[in-house]
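# Remarks on the overall topology
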Amino acid sequence: MDIWGTGPFENEAGAAFADEVVQDGAFALAEAFDVALDPDGGFLAAEEGHRTLAAAEILAAVLDGETQNIVSARLRAWVQEADAADLFSLRDVARDAVERVLGPDSELPDLWTETAEADAWLGAVRTLQIRLEG
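Residues numbered from 1 in each chain as written. Predicted model: local features only at pLDDT ≥ 70, side-chain atom pairs only at ≥ 80, totals over all residues. Heavy atoms only, no water.

So, about helix α8 (residues 118–133). Between the first and last C-alpha of α8 there are 23 Å, a value that for 16 residues agrees with the 22 Å anticipated at 1.5 Å per step. All of the buried residues along α8 are Ala118, Trp121, Val125, Leu128, Gln129, Arg131 and Leu132. Take α8 and look down its axis: the buried residues cluster within an arc of 160°, on one side only. Among the exposed residues of α8, those oriented more than 90 degrees off its buried face are Asp119 and Ile130. Elements that come into contact with the buried residues of α8 comprise α3 (46–64), α6 (91–102) and α7 (107–113). Looking one or two residues beyond α8, the residue adopting positive phi is glycine 134, at roughly 85°. (Helix = DSSP H or I, 4+ residues; strand = E, 2+ residues; numbered from the N terminus. Expected span 1.5 Å × (residues − 1). Buried < 20%, exposed > 50% of the residue type's maximum accessible area, 1.4 Å probe, protein only. Arc of directions from axis to C-beta. Contact = heavy atoms within 4.5 Å.)

We now examine the pattern of salt bridges. Two side chains that carry opposite charge are able to pair once their charged atoms sit near each other. Here the structure, examined in full by the defined rule, presents 7 salt bridges. For aspartate 19, the salt bridge is made with arginine 74, and the minimal N-O distance between the two is 4.0 Å. Of the two residues, aspartate 19 sits in helix α1 (residues 12–24) while arginine 74 sits in helix α4 (residues 73–81), which places them 55 residues apart along the sequence. For aspartate 19, a relative accessible area of 41% corresponds to the partly exposed category. (Salt bridge = Lys/Arg side-chain N within 4 Å of Asp/Glu carboxyl O.)

Take the nonpolar core next. One finds Phe17, Leu29, Phe33, Ile58, Leu75 and Trp78 to be the most contacted residues of the largest nonpolar core, which totals 37 residues. Elements supplying a minimum of two residues to this core: α1, α2 (26–37), α3, α4, α6, α7 and α8. Per-element tally for this core: the top contributor is α3, with 10 residues. Not counting residues within four places of it along the chain, the set of residues in contact with tryptophan 78 comprises Val21, Val22, Gly25, Ala26, Leu29, Ile58, Val62 and Leu87. (Core = buried A, V, L, I, M, F, W, Y, C linked by side-chain atoms within 4.5 Å.)

So, about the environment of threonine 6. Secondary-structure assignment places threonine 6 in the segment before α1. In this structure, the C-alpha to C-alpha distance between threonine 6 and glycine 65, residues 59 residues apart in sequence, is 21 Å. Setting aside residues no more than four positions away along its own chain, threonine 6 makes contact with Trp112, Glu117, Ala120 and Trp121.

As a further point, take the side chain of glutamine 129. Of note, glutamine 129 is situated in helix α8. Classification of glutamine 129 as buried rests on a relative accessible area of 14%. Side-chain polar atoms of glutamine 129 contact the side chain of glutamate 99, separated by 3.0 Å. If near-sequence neighbours (up to four positions away) are discounted, glutamine 129 is found in contact with Val98, Glu99 and Leu102. (Polar contact = N/O pair within 3.5 Å; in protein donor to acceptor, adjacent residues only side chain to side chain.)

Rendered as structure tokens:
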């Protein structure tokens with residue numbers, strides 16, 4: 001999987017997920033969180049972790065209006081048109097899903113620990129968690 005930065009859309013899975021949200025809307029967000037929290041899912045693969053963080057970033061952008069991390073113009077337009085009230089119910093599940101991405105049964109923390117950008121990645125995820133707190 002290609003990764004070119006620490007941001008949620010700076011990897012192959014996150015960038016592709018942005019297109020899914022433009023096409024499928026809130027359904028894509030909910031599905032990404034459901035996959036991350038599937039009790040039968042076992043180990044969370046890096047691709048699913050990247051998708052979860054991208055979904056959480058999109059939801060946070062809808063809820064707080066901060067679109068600086070949204071790199072796609074099409075996705076930014078979707079975020080600006082989305083109704084925060086309609087998506088607010090996903091906030092708790094998004095927080096739980098991000099926590100799962102950081103947990104011991106997730107591949108992403110291990111992958112990032114082995115890089116020079118580990119602190120930057122973890123800082124970005126922690127900032128995302130704060131944004132999801134509201």
